[in-house]
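So you can see what is in the structure, the chains are spelled out below.
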Amino acid sequence: MLASSSRSLFRVDRLLKFSSVYVKSKPGSRSYYGLSCNLKKGDTKYGLGAMDRNKKRKAVITVWKPVSTQASSIKERIIKDVPVESGSGSPTEVLCSISNDVLDAQHATNVAEAVNEVHEKHSLSVEVGASIIRFIRGKEGATQKNIEEEMGVRIIFPSSKKEDSIVIEGCSIDNVTKASEKIQEIIEEVVRTRSLDYSHFVSLPLAIHPELVDKLVNFQNIILGNSDACTDEHMEGNPSGESSEDESEEQQLDRGSNVAVELKVEDNESVKVDISSIPLVSYAPKASKSPSLSDLGIEKSIFIKPKTFHLTVLMLKLWNKERVNAATGVLKSISSRVLDALDNRPVFIRLKGLDCMRGSLAKARVIYAPVEEIGSEDRLLRACQVIIDSFLEAGLVLENDAKEKLKLHATLMNARHGKRNRFNRKKKNDSFDARGIFKQFGSEDWGEYLIREAHLSQRFVFDENGYYHCCASIPFPENMQVD
């Protein structure tokens, strides 16, 4: 009985312990967030036997209170007893303790390093050029998606069309490097094709001469304003107009001819008609309709703008700022060599007549004015060759362009500049009929002009004077050097 009484008066405690740990790493420090909860349940008023405890269980409500502490070598513990009423009305002690000593120091360090390794990212900024970005993205983002999935990276494109760089992000340096190499392969492949147009060229400006600009404006106005000037001899109709031709023909049909016919009746009642006196009348065939400018493939857009008139020395593909800066440096660095090639004397050229490049006169693609250096010393050609060789040595000229022989020319019309057909946006004229143009301007004397400078010009961008944007320039001699 005494033993039973001792058991019933004996206080039975049960202790449950829960813990949760979160480790956050920052540069230079580590923070440990620990949370533990000790649940202590007991009955201080009445002792319960084993049978009673099995029949009646008290409800326990757990209270959690998280606390964040910085890692420290000093052990700190905060213990707070929270009384909670159980379902039977009996109080239950809940001891919640928060400690920064949740993990030992070595284990915490290992966990933090593991977290850092999982979330570590590597990024690389690559200057590709605004004109190249569309090829890296691909049709509907297909190329970008393939690179990202294959290399395990993420490609971030610039928000502005004027920016040249993209960012490659990945979980390892190796993945980022491989993605960068893949993008470089795409760039090299695109540059070799016609998919990427020329962005710059070395030019000798001629639009600086106002009298030449006026002649070019007149040339365009005559062709665009009078279709008869653009037709060949066999294409031309009656200059009086189409309606006058119809009226003349109708009048001839109405008037006819006065014909006298002699009829003789013989005894056998047969009739003889003498037609020897009937005159023969012939009518001119109806003239064909004169072709329009549209039929000839001629429109304003294929003419070179007079304020951009120039001689072309070298075409370039400079698809990013790095290559533009390199080209600018090359041109400026060879100024003295160019002057030496010119013997430090002014150089004049003569433009006379027309010539056709790429195609026949009936299907012309480019019409230009031939260039003749006055004096026939070839000083201008030597100076241009110095420029070309310097850009070749700098690796700024494509392999195919390096094989092209220098031919100075002043382009007047180019079919590639034509607008797309409004009924079929994917199709435009790739040639035009230039036979009438050659008939009228084939021997045109455009005049003699001084070459004053060489430009590194950017296509599709223009300065305030109307000429192509000048990235760099070097002067040519304008006055004779006196020893």
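Before reading on, note that the structure itself is shown above.
Residues numbered from 1 in each chain as written. Predicted model: local features only at pLDDT ≥ 70, side-chain atom pairs only at ≥ 80, totals over all residues. Heavy atoms only, no water.

Draft legend 1. Up close: the overall build of the chain. Regarding its fold elements, the chain presents 14 helices and 19 strands. Burial analysis of the chain (483 residues in total) assigns 35% to the buried set. Pairs at least 24 residues apart make up 73% of the contacts formed inside the chain by residues separated by at least 6 positions. When the accessible surface of the chain is summed, it comes to about 30900 Å², and 49% of that surface belongs to carbon and sulfur atoms. (Helix = DSSP H or I, 4+ residues; strand = E, 2+ residues; numbered from the N terminus. Buried < 20%, exposed > 50% of the residue type's maximum accessible area, 1.4 Å probe, protein only. Contact = heavy atoms within 4.5 Å. Areas by Shrake-Rupley, 256 points an atom, 1.4 Å probe, with all protein chains shown as cover.)

Draft legend 2. Up close: the state of the cysteines. This structure, assessed with the given rule, holds zero disulfides. Distance from the sulfur of C470, which forms no disulfide, to the nearest cysteine sulfur (C471) is 6.9 Å. (Disulfide = S-S within 2.5 Å.)

Draft legend 3. Local environment of unusual backbone geometry. A positive phi angle, near 55°, is found at E140, a position not held by glycine. For E140, the location among the structural elements is in the loop between α4 (133–137) and α5 (142–151).

Draft legend 4. Region of interest: the sheet that holds strand β9 (residues 200–205). Spatially, β12-β9-β18-β19 is the arrangement adopted by the four strands of the open sheet, whose pairing is antiparallel. On the outer flanks of this sheet lie β12 (310–316) and β19 (468–475), each paired with one strand and no other. The average undirected angle you get between the axes of adjacent strands in this sheet is 25°. Pairing geometry for β9 and β12, over six bridges, is antiparallel. (Pairing = 2+ DSSP bridges. Axes fitted to C-alpha atoms, helices over the stretch in contact; angles between N-to-C directions.)

Draft legend 5. Molecular detail of the pattern of salt bridges. Overall, the coordinates contain eleven salt bridges when judged by the stated rule. One salt bridge in this structure joins R416 and D197, with 3.7 Å as the shortest N-O distance. One end of the pair, R416, is in the loop between β16 (409–414) and α14 (435–441); the other, D197, is in the loop between α6 (173–191) and β9, and 219 residues separate them in sequence. Salt-bridge contacts for E377 lead to R379; the nearest nitrogen and oxygen are separated by 3.5 Å. A relative accessible area of 36% means that E377 is categorised as partly exposed. Under the relative-accessibility criterion, R379 is labelled buried at 3%. (Salt bridge = Lys/Arg side-chain N within 4 Å of Asp/Glu carboxyl O.)

Draft legend 6. Just the pairing of strand β13 (residues 348–352), in detail. Side chains I349 and L351 project from β13 onto a buried face, and the interleaved F348, R350 and K352 project onto a face without burial. In this sheet, strand β17 (residues 445–450) lies alongside β13 in antiparallel orientation, the contact comprising five bridges. Paired with K352 across the bridge in β17 is D445.

Draft legend 7. Geometry of the packing of aromatic side chains. The full count for this structure, using the stated rule, is six aromatic pairs. Measuring from centroid to centroid gives 5.6 Å for Y467 and Y468, while their planes differ by 80°, and the two rings are edge-to-face. For Y467, a relative accessible area of 5% puts it in the buried group. Given the relative accessible area of 13%, Y468 is considered buried. Linked through ring pairs, F201, F462, Y467 and Y468 together constitute an aromatic cluster. In this arrangement the basic side chain of R137 is found over the ring face of F157, its NZ or CZ atom lying 4.2 Å from the centre. Note that K317 overlies the ring of Y198, its terminal NZ or CZ placed 5.2 Å from the centroid. (Phe/Tyr/Trp six-rings, centres within 6.5 Å; stacked < 30°, edge-to-face > 60°. Lys NZ or Arg CZ within 6 Å of the ring centre and 35° of its normal.)

Draft legend 8. Spotlight on empty space enclosed by the protein. Counting across every chain of the model gives two cavities of 30 Å³ or more. Each pocket or cavity is described by its volume, and for the largest cavity that value is around 50 Å³. As for the largest cavity, its lining consists of G297, E299, I302, A415, G418, K419, N429, S431 and F432. Here the lining of the largest cavity is built from residues that sort into three nonpolar, four polar and two charged. Empty space within the second largest cavity amounts to approximately 30 Å³. Around the second largest cavity, the lining residues are L216, F219, Q220, F303, I304, F309 and L412. Broken down by element, the lining of the second largest cavity gets its largest block of residues, three residues, from helix α7 (residues 210–225). Grouping the constituent residues of the lining of the second largest cavity by class yields six nonpolar, one polar and no charged. (1 Å grid on protein atoms, 1.4 Å probe; cavity = no way out; pocket = protein on both sides within 12 Å on 5 of 7 lines; lining within 4 Å. Points joined across faces, edges and corners; volume = space filled by probe spheres on them. Nonpolar A, V, L, I, M, F, W, Y, C, P; charged D, E, K, R; others polar.)

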